[in-house]
Amino acid sequence: PPSAPPLAPGNTDRMFCRAEFERIQTELGRAFTLDAACNDAGDNAHCERYCCPSRSFLEHDCAGEHVWVNPPYTPQMPKWVRHYMQCKARNPRNTSAVFVVPDWPSVNACFEKAGMRLFKQYPVGTVLFSAPNENGTGRSMLPGVKWPVRVWYDPPAKYVAQLRATSLGVTN
């Protein structure tokens with residue numbers, strides 16, 4: 001097959017594989033309502049509603065949302081988690097999120113401390129992300145990831161209560 005067009009140099013736009021996004025959404029049994037980390041044009045958004053540099057997730061009230069978060073892999077990731085948790089505190093029964101992040105000890109500690117559940121793991125070499133082509137037409141899948149990737153899930157509080165009750169043998 002012909003090779004993909006070259007990727008735009010210096011571009012940090014990375015979109016999670018759409019098929020895998022849909023698989024996660026199906027496994028969770030809930031549609032995501034907000035994509036937290038897109039480009040300004042939204043052409044890498046998985047949801048109709050999205051945040052971007054000009055409409056920052058860190059300034060958006062995501063209470064009541066089921067949020068998809070594939071944040072920039074920078075030391076700022078804990079700020080994204082803190083912001084989400086502050087929003088969730090206002091509406092814990094209807095707020096949830098999935099975070100797609102590198103499997104780095106400092107990052108894992110942040111999600112463990114927040115009480116999130118490890119939902120999925122992808123090993124080194126898994127093809128998960130696309131980037132814009134240099135010519136501005138479309139996207140191309142990137143080579144496999146250079147480090148393991150983890151998917152953390154924070155369910156709505158009502159589901160946490162239901163799961164605890166079920167595990168204790170309590171039914172409604």
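The paragraphs below set out a description of the structure included in this document.

What counts, and where the lines are drawn
- Residues numbered from 1 in each chain as written.
- Predicted model: local features only at pLDDT ≥ 70, side-chain atom pairs only at ≥ 80, totals over all residues.
- Heavy atoms only, no water.
- Pairing = 2+ DSSP bridges.
- Helix = DSSP H or I, 4+ residues; strand = E, 2+ residues; numbered from the N terminus.
- Buried < 20%, exposed > 50% of the residue type's maximum accessible area, 1.4 Å probe, protein only.
- Arc of directions from axis to C-beta.
- Contact = heavy atoms within 4.5 Å.
- Salt bridge = Lys/Arg side-chain N within 4 Å of Asp/Glu carboxyl O.

Description of the sheet that holds strand β8 (residues 149-154)
With mixed pairing, five strands are arranged side by side in an open sheet as β2-β3-β4-β8-β5. Lying at the two open borders of the sheet, with one neighbouring strand each, are β2 (34-35) and β5 (117-122). Where strand β4 (residues 96-102) lies against β8, six bridges are found, and the strand directions are antiparallel. Pairing of Val 101 across the sheet is with Arg 150, part of β8.

Structural notes on helix α3 (residues 105-113)
Buried within α3 we find Val 107, Asn 108, Cys 110 and Phe 111. The buried residues of α3 occupy an angular sector of 155° when projected down its axis, which confines them to one face. α3 presents Pro 105, Ser 106 and Lys 113 as exposed residues on the side facing more than 90 degrees away from its buried surface. Packed against the buried residues of α3 are α2 (77-90), β4 and β8. Downstream of α3 by one or two residues, Gly 115 has phi in the positive range, about 80°.

Focus: the sheet that holds strand β1 (residues 15-16)
The pairing of strands in a sheet happens through backbone hydrogen bonds and is either parallel or antiparallel. Within the open sheet, the three strands sit side by side as β1-β6-β7. Their pairing is antiparallel. Single-partner strands in this sheet number two, and they are β1 and β7 (139-141). Strand direction decides the pairing type here: β1 and strand β6 (residues 129-132), joined by two bridges, are antiparallel. Looking across to β6, one finds that Met 15 is bridged to Ser 130.

Side note on the pairing of β6
By the alternation rule, side chains of β6 split into Phe 129 and Ala 131 and Ser 130 and Pro 132, which are all buried. Pairing of β6 with β7 involves three bridges; the strand directions are antiparallel. Bridge pairing in β7 links Ser 130 to Met 141. Between β6 and β7, which follow one another and run antiparallel, lie six residues, and Gly 136 among them has a positive phi close to 80°.

Quick notes on the pattern of salt bridges
For side chains bearing opposite charge, pairing can occur when the charged atoms are close. The final tally for this structure, using the stated rule, is eight salt bridges. Lys 120 serves as the salt-bridge partner of Glu 27, at 3.4 Å between the closest nitrogen and oxygen. Residue Glu 27 is located in helix α1 (residues 18-28), and its partner Lys 120 is located in strand β5; the two are separated by 93 residues in the primary sequence. Overall, Glu 27 belongs to the partly exposed group, its relative accessible area being 43%. Where Arg 90 meets Asp 61, a salt bridge forms, and the shortest distance between an N and an O atom there is 3.0 Å. Taken together, the residues span a long stretch of sequence, with Arg 90 in helix α2 and Asp 61 in the loop between β2 and β3 (66-69) at a distance of 29 residues.

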